[in-house]
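Coordinate inspection notes
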Amino acid sequence: AGAPYKVDEQIRDLNAKVAGYGGDVVSVRRQLVAEKVIPVWPKPDESCVAAIIDYMPEEIRDDLADPTRCLLPKDQWPEARPRSKVHASDAEWYSICKAAAERNLFGTIALEEAFVDQYGEPVLNGAMGVDKFKTVDGEQVALLRFICILTPINSFMRKLRGDSHTLPFLPKLGTLLLNEGEVAITSGEDMSSCFNLFYLPACWAKYFVFEKPVAFSAFGGDPNVMTYVWMRGIPMGWAGAVDVVQCFIRYFVFLSLIHI
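Residues numbered from 1 in each chain as written. Predicted model: local features only at pLDDT ≥ 70, side-chain atom pairs only at ≥ 80, totals over all residues. Heavy atoms only, no water.

For the chain, the count of helices and strands is 7 helices and 9 strands. Looking at the chain as a whole, 39% of its 260 residues qualify as buried. Here the analysis covers contacts within the chain between residues at least 6 apart in sequence; of these, 75% occur between residues at least 24 apart. Within the structure as shown, the chain displays about 15,400 Å² of accessible surface, and the carbon and sulfur contribution to it stands at 55%. (Helix = DSSP H or I, 4+ residues; strand = E, 2+ residues; numbered from the N terminus. Buried < 20%, exposed > 50% of the residue type's maximum accessible area, 1.4 Å probe, protein only. Contact = heavy atoms within 4.5 Å. Areas by Shrake-Rupley, 256 points an atom, 1.4 Å probe, with all protein chains shown as cover.)

Structure below.
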């Protein structure tokens, strides 16, 4: 006989799952575990290797060069802003920060340098994991994708005028009309760790600070000193992330087509 069917466990499992882009079932928030997060990241010499600002159209480039352009007017700042936390134990967070430092994904920052709201309180962000399945040596392995919970800082930011609004969806195919000799090219292939390949200007440090400090020794410093960290890569969960990455993908694709 198989294992007994436990209704409570099944209910908890179903409540922790939602439908993905293709109707598949994906998980929601998971506690961060270093040994499951790190294998999903690029190798140390393959992450944060290029400045995303160099591949942006002029308006987005100006926004990235001056984050204050991306803030809502102060009279639209939330009276009671959302709060989030880093879903990791102290030990796991240390291991994650150390691996992120080796990959230039995280930088250190003093709490006094973080962005503050209209009441002078620092706006700090959280982090979590979601299920990520990869095939390793022919076997599917359950890992975790690192996700920044940026609902606190997002509540102070406007929507960028990037390319997220032009993302295709299935009903749009019915509106396409091709002339003779024309060909429509579509691509839905993911770029592996695309958000982690690029880094944002250092002026964004104050906006992407995590709420959980870590021993400075994770970055090669004094183990008796605690420091806060910020996301140097393009953080998944940021309101402008999809706009920025889609701008790059279109730049990359169209530049490639020109040289075919």
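Next, the rest of the story.
Here we come to the nonpolar core. The biggest cluster of nonpolar side chains holds 60 residues, and the ones touching the most others in it are Leu64, Trp93, Phe106, Phe146, Phe210, Ile234 and Trp238. With 7 residues, the next largest nonpolar core counts Ala205, Val209, Tyr228 and Trp230 among its residues. (Core = buried A, V, L, I, M, F, W, Y, C linked by side-chain atoms within 4.5 Å.)

What follows is about empty space enclosed by the protein. In this structure the tally under the stated criterion is 2 cavities of 30 Å³ or more. Its volume calculated, the second largest cavity comes out at about 40 Å³. Taken together, Trp41, Phe146, Cys148, Phe195, Asn196, Met231, Ile234, Pro235 and Met236 make up the full set of residues lining the second largest cavity. Among the secondary structure elements, those contributing two or more residues to the lining of the second largest cavity are strand E6 (139-149) and helix H6 (194-197). (1 Å grid on protein atoms, 1.4 Å probe; cavity = no way out; pocket = protein on both sides within 12 Å on 5 of 7 lines; lining within 4 Å. Points joined across faces, edges and corners; volume = space filled by probe spheres on them.)

Attention now moves to the packing of aromatic side chains. Enumeration according to the criterion identifies 19 aromatic pairs in this entry. Note on Phe146 and Phe210: the rings are 6.0 Å apart at their centroids and 85 degrees apart in plane angle, and the pair reads as edge-to-face. Of this pair, Phe146 sits in strand E6 while Phe210 sits in the loop between strand E7 (198-199) and strand E8 (214-215), placing them 64 residues apart in sequence. Taken as a pair, Phe146 and Phe210 share a single burial class, namely buried. Each member of the aromatic cluster is reached from another via a ring pair, and the members are Trp77, Phe115, Phe156, Trp204, Tyr207, Phe208 and Trp238. Sitting over the ring of Tyr199, Arg232 keeps its end group 5.3 Å from the ring centre. (Phe/Tyr/Trp six-rings, centres within 6.5 Å; stacked < 30°, edge-to-face > 60°. Lys NZ or Arg CZ within 6 Å of the ring centre and 35° of its normal.)

Between side chains of opposite charge, a pair can form as their charged atoms come close. Counted by the stated rule, this structure contains 9 salt bridges. Note that Glu121 and Arg83 form a salt bridge whose closest N and O atoms lie 3.0 Å from each other. Residue Glu121 is found in the loop between strand E4 (106-109) and strand E5 (126-136), and its partner Arg83 is found in the loop between helix H3 (58-65) and helix H4 (90-102); the two are separated by 38 residues along the sequence. Overall, the relative accessible area of 31% leaves Glu121 in the partly exposed class. For Arg83, a relative accessible area of 58% puts it in the exposed group. (Salt bridge = Lys/Arg side-chain N within 4 Å of Asp/Glu carboxyl O.)

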